[in-house]
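# Structural characterization, general
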Amino acid sequence: MQKVDIRKSSNYKIFMYLLAIFILSRLMMAIMVLVYNSIMGTNHSFAYLMNPWDAKRYQFIIENGYTYPLDTDPQANWAFFPLYVIVCQLVQLLTFWKLDTFWVGMIVSNICIFVGAFFGLKYIFNRNNNDLYNEYSSAQVHNISDSDYISKNTIIWGSLLFAAPYMFYCSSTYTEAMFIMFIALFFYFCQQKKYVVAGIMSAAASATRIVGCMLVFALIVELYLDFVKSKAISSTKFTFASKSILKSNSSSALKSKDTASSKLSFYEIKKFLYQIFTTPKHLIAILLCPLGTFLYMTFLRFFCGDVFAFKHVQIAWREDSYIPVIGVLWKACTGQIEPRYTYMGWFCIGVFVVYGYMIYRKYYSMAVFGIVSLLIPLTSHVMSTCRFIVGSYVFLVGIYDLINKIKNKFLICIIIMTLALIELYLLFLWYNSDCWLM
């Protein structure tokens, strides 16, 4: 019986399914502009409503560059990393500066989120293909249609990337879409064992947002898992070579492989570190991860004299002082600060549960990155954490896995429709610049 190989499925089908969902989601955004203007009695344009708050700061940087140190603005725009700005400036150059800056930003964001969704889905299909026989019997696998499999997974994934709550940020002049794209490419190339390319994607992510440099931890986890796997394979080959195991069945070999992969000791870690330092490609990949952040810090050193200006300027937004993480979540979840932050605090708790589930499902590197990237903002406040969480991408992978486990297609449709309706409600709040989204 021939095994179904999802990796051989047509990229064209995947592209067209995603494109259909993408167009439908953007059409709904345009319709919501008409709904908003009708209810509120306004006549704002799509570009105006889609780009409040930080989008205006990106617009200023794209058009004028960073604020000079002698400027009187206390919220200096040094907190906004440069790669998204540079790409938008290049696109604007291609249009001879004729296209409105907001439209340039939205075009870049929409292209980025589509690319991220495509490669994210390829990652998922590769992983699912490896797990297929663990989830279905041989008879079920034989009866699985490539078209049905692709359509189900693409609809779930496309709905999450294009129409789930808070994903409207990926259509605005914000960095979320570009950040998601680089993270998706990072994990895709890690899966392909192209670690130097993955390091370059991490460097690009770290030039988009500071949390991007935390992908170095995910890369180390990927390298360690690869080290353990290669060691287990070598051990299994040796076992098969021995006369005693030649008489045993293959399951005993697999058991020895699982045993080898489960051991963790100082000696094993020492061997792993030795392998990294003696494998130039792996070492280069790790060193590349924070490169984007270091380049921006170098720029700030000469521009304003402070390599950590992107961090120091944050005080203009976050003046409160809490005990990092625990104190922040306690204050938020117990309602000691604004109600919107109570909601965000409990949202963060739920996200940590999802990351725990991802560890159970062996998305180890993604879970590590998700946890670290959430702990960073929680050192000061829960402000904007919902946006940061969906922008870190890996949370969406966890939600996808949870939904994909559901066998009832009707229930899946109900969940997707519910998430889409919540997104439309949040989009209305976004058009209205509601503080609950901050």
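So, here's what we can say about the structure. All figures in this text were calculated on a predicted structure; none of them were measured in a lab.

### A word on the environment of Tyr58
Tracing the sequence through the fold places Tyr58 in helix H3 (residues 54–64). Separated by 117 residues in the primary sequence, Tyr58 and Thr175 place their C-alpha atoms 9.2 Å from one another.

### Remarks on the nonpolar core
Counting 136 residues, the largest nonpolar core has Leu161, Phe187, Phe369, Tyr393 and Tyr431 as the members making the most contacts within it. At 14 residues, the largest contribution of residues to this core is made by helix H8 (residues 176–191). Non-local contacts of Phe187, meaning those with residues more than four positions away in its chain, are made with Tyr123, Leu215, Ala218, Glu222, Ser365, Met366, Phe369, Tyr393 and Val394.

### Here's the deal with the packing of H3 against helix H4 (residues 83–94)
Following both chains from N to C, one finds H3 and H4 inclined at 60°, their axes separated by 9 Å at the closest point. Taken together, H3 and H4 sit at an angle that is classed as oblique. In the crossing of H3 with H4, the sense of the turn from one axis to the other is right-handed. Side by side, H3 and H4 meet where Tyr58, Ile61 and Ile62 of the first sit next to Tyr84, Val85, Cys88, Gln89 and Gln92 of the second. Each residue belonging to the contact of H3 with H4 can be placed in one class, and the counts come to 6 nonpolar, 2 polar and no charged.

### Notes on the pattern of salt bridges
The final tally for this structure, using the stated rule, is 6 salt bridges. Between Arg387 and Asp54 there is a salt bridge; the shortest N-O distance is 3.4 Å. Here the residue Arg387 occupies a position in helix H20 (residues 385–391), and Asp54 occupies one in helix H3, the gap between them amounting to 333 residues. We note that Arg387, like Asp54, is buried.

The rules behind the values
- Residues numbered from 1 in each chain as written.
- Predicted model: local features only at pLDDT ≥ 70, side-chain atom pairs only at ≥ 80, totals over all residues.
- Heavy atoms only, no water.
- Helix = DSSP H or I, 4+ residues; strand = E, 2+ residues; numbered from the N terminus.
- Core = buried A, V, L, I, M, F, W, Y, C linked by side-chain atoms within 4.5 Å.
- Buried < 20%, exposed > 50% of the residue type's maximum accessible area, 1.4 Å probe, protein only.
- Contact = heavy atoms within 4.5 Å.
- Axes fitted to C-alpha atoms, helices over the stretch in contact; angles between N-to-C directions.
- Parallel < 35°, antiparallel > 145°, perpendicular 65-115°, else oblique.
- Left-handed = near helix turned anticlockwise from the far one by under 90°.
- Nonpolar A, V, L, I, M, F, W, Y, C, P; charged D, E, K, R; others polar.
- Salt bridge = Lys/Arg side-chain N within 4 Å of Asp/Glu carboxyl O.

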